[in-house]
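Residue-level structural notes
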Amino acid sequence: MSQLKPMSHLDNIPSTPGKFKMDKSPYIHRLRLHSSLAKLTFWSVVFLGLIFLFFFRSPSSSPQQSDPSRRSLRTYNWGGPAWEKRVRSSARVRSRNGVSVLVTGAAGFVGTHVSTALKRRGDGVLGLDNFNDYYDPSLKRARQALLERTGVFIVEGDINDSTLLRKLFEVVAFTHVMHLAAQAGVRYAMENPASYVHSNIAGLVSLLEVCKSANPQPAIVWASSSSVYGLNTKVPFSERDRTDQPASLYAATKKAGEEIAHTYNHIYGLSLTGLRFFTVYGPWGRPDMAYFFFTKDILKGKSIPIFEASNHGTVARDFTYIDDIVKGCLAALDTAEKSTGSGGKKTRPAQLRVFNLGNTSPVPVSDLVSILERLLKVKAKRRIMKLPRNGDVQFTHANISLAQRELGYKPTTDLHTGLKKFVRWYLNYYAGGKKAAG
Ligand SMILES: O=C(O)[C@H]1O[C@H](OP(=O)(O)OP(=O)(O)OC[C@H]2O[C@@H](n3ccc(=O)[nH]c3=O)[C@H](O)[C@@H]2O)[C@H](O)[C@@H](O)[C@@H]1O
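What counts, and where the lines are drawn
- Residues numbered from 1 in each chain as written.
- Predicted model: local features only at pLDDT ≥ 70, side-chain atom pairs only at ≥ 80, totals over all residues.
- Heavy atoms only, no water.
- Axes fitted to C-alpha atoms, helices over the stretch in contact; angles between N-to-C directions.
- Helix = DSSP H or I, 4+ residues; strand = E, 2+ residues; numbered from the N terminus.
- Parallel < 35°, antiparallel > 145°, perpendicular 65-115°, else oblique.
- Left-handed = near helix turned anticlockwise from the far one by under 90°.
- Contact = heavy atoms within 4.5 Å.
- Nonpolar A, V, L, I, M, F, W, Y, C, P; charged D, E, K, R; others polar.
- Core = buried A, V, L, I, M, F, W, Y, C linked by side-chain atoms within 4.5 Å.
- Buried < 20%, exposed > 50% of the residue type's maximum accessible area, 1.4 Å probe, protein only.
- Phe/Tyr/Trp six-rings, centres within 6.5 Å; stacked < 30°, edge-to-face > 60°.
- Near = heavy atom within 4 Å.
- Polar contact = N/O pair within 3.5 Å; in protein donor to acceptor, adjacent residues only side chain to side chain.
- Areas by Shrake-Rupley, 256 points an atom, 1.4 Å probe, with all protein chains shown as cover.
- Pairing = 2+ DSSP bridges.

1. Describing the packing of helix α9 (residues 290-300) against helix α13 (residues 415-429)
Interhelical geometry of α9 versus α13 gives an angle of 55° and a closest axis separation of 11 Å. With respect to α13, the axis of α9 lies oblique. In the packing of α9 onto α13, the handedness of the crossing is right-handed. Only Leu-419, Phe-422, Trp-425, Tyr-426 and Leu-427 of α13 make contact with α9, whose side of the interface consists of Tyr-291, Phe-292, Thr-295, Lys-296 and Leu-299. The residue makeup of the contact of α9 with α13, split by class, is eight nonpolar, one polar and one charged.

2. Here's the deal with the nonpolar core
Met-178, Phe-277 and Leu-419 are the most contacted members of the largest nonpolar core, which totals 79 residues. Broken down by element, the residue count for this core peaks at eight residues, all from helix α10 (residues 322-335). When near neighbours in sequence (up to four residues on either side) are disregarded, Leu-419 contacts Tyr-281, Tyr-291, Leu-368, Ile-371, Leu-372 and Leu-375.

3. Observations concerning the packing of aromatic side chains
The geometry of an aromatic ring pair is captured by two quantities: the separation of the ring centres and the angle between the planes. For the structure shown, the criterion picks out 30 aromatic pairs. Between the aromatic rings of Tyr-196 and Tyr-250, the centroid separation amounts to 6.0 Å while the plane-to-plane angle is 75°, which identifies the pairing as edge-to-face. In this pair, Tyr-196 sits in helix α7 (residues 193-213) while Tyr-250 sits in helix α8 (residues 249-268), placing the two residues 54 residues apart along the sequence. Grouping residues by exposure puts Tyr-196 and Tyr-250 together as buried. Centre to centre, the rings of Phe-292 and Phe-422 are 5.4 Å apart; their planes meet at 55°, and the pair counts as tilted. Of this pair, Phe-292 sits in helix α9 while Phe-422 sits in helix α13, and the two are 130 residues apart along the sequence.

4. Observations concerning the site of the ligand
Neighbouring the ligand are 24 residues; Arg-187, Ser-225, Ser-226, Tyr-250 and Pro-305 lie closest to it. Within the contact set of the ligand, an oxygen atom lies 3.0 Å away from a backbone nitrogen or oxygen of Phe-277. At 2.8 Å, a side-chain N or O of Arg-317 approaches an oxygen atom of the ligand. Relative to its free-state accessible area of 690 Å², the ligand is covered by the protein chains to the extent of 95%. Those elements that provide at least two residues to the shell around the ligand are α9 and β8 (303-308). Of the residues in the shell around the ligand, the class split is 15 nonpolar, five polar and four charged.

5. Points about the sheet that holds strand β5 (residues 219-225)
Strand order in this open sheet of seven strands is β3-β2-β1-β4-β5-β6-β13, and the pairing throughout is parallel. Here the strands that pair on one side only, and so sit at the sheet edges, are β3 (153-156) and β13 (352-357). Taken pair by pair, the neighbouring strands of this sheet meet at an average axis angle of 20°, ignoring direction. Two elements, strand β1 (residues 100-104) and strand β2 (residues 124-129), share five bridges in a ladder whose sense is parallel. Considered in β2, the bridge of Val-101 is made with Val-125.

Here's what the structure looks like:
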């Protein structure tokens, strides 16, 4: 052994480019082989470890832990004859006067409810969703399973993928788009501003670009937000009130969406209806919303932060029950006029609308907590906190007379009734805490 030269990394480098040194002794050859094998094994383990760390980190269940960069890196599988068949079948209209609707954000809270309602009345519905991990993706998968049972197929993909969008319009001549895909949440915008720009601005433009060139052009109904009223103090909020003082980046992106809608309507003749939702809640809701995580934390005995404005001012929301919102969405689709463009050009003016969809009766957040306490039969550990300066506004209150007149919109569910239905669902879904609430 002593006559053997110690191995060095230089031994593997060819002395002449393109040629490897020949080993003289078979002994040396074996030793080198062992050493190379050891190195190879070592580096393979390191490499696999890195891959494991990158792809298989457990998905986060809270917005705070989510890594936004992974979202845009994701690739989705779509295409092929079997996939196209599923797309066509899901979007097939099954009733007289039915419409075929592409629902973006179909695995989301509002998207799931709207898709189900459309499908049940015989419309053709195709879902699109990127299943991002802003909140527990397993809840989105459960909603997907629910939709599959009603015959709605959700294509996995991002609204920023214009190739996919064009393909969908090639396969199905959608009459309508219900655009609900968005980065939601008011406070999270401070943590991850890029995701709001990605989904609510770039994504919206990507979708409208494809819609403007589609033949026929679809009519589009999309989710704006009560947050566009921002620091407006005139109550109740009417569509004619100022919306130029957003209090969060989320609100600013929704407001930008309304302006972008104006542009596409003006230039290309797209029929566009924006719906300003007011704090929507209900079964299958979003775990990042207060009513949802208050429920989880009250049951766990954890304290809940209740915001209060300066001078002990009440913070209140015009909480709106999901079934009322669904009726508003369907009425907006049903009253949407056709787009008037063709080949990317406007032939005559097209419809451009914006509606408040609220409940018209704001409730203080502390009252929401009292209702939950009664329904859950558990006393909440209240922690009163100053309203943080990260996007929240003190109150919202919708004037819905326009939606009432034009859409026949009439909310019928008060907060107690709606929360009762939510709590029943919550307890059933999380089956006594066996599943972890997201
Ligand atoms: O109306 C809307 O357009 C918006 O409604 C909700 O936003 P928000 O009303 O802030 O809903 P929550 O986050 O569920 O908050 C509800 C109320 O609870 C309060 N809150 C929230 C969190 C908390 O820890 N403590 C607390 O008191 C908030 O200040 C607010 O008054 C949604 O999260 C947005 O996506 C939506 O666009």
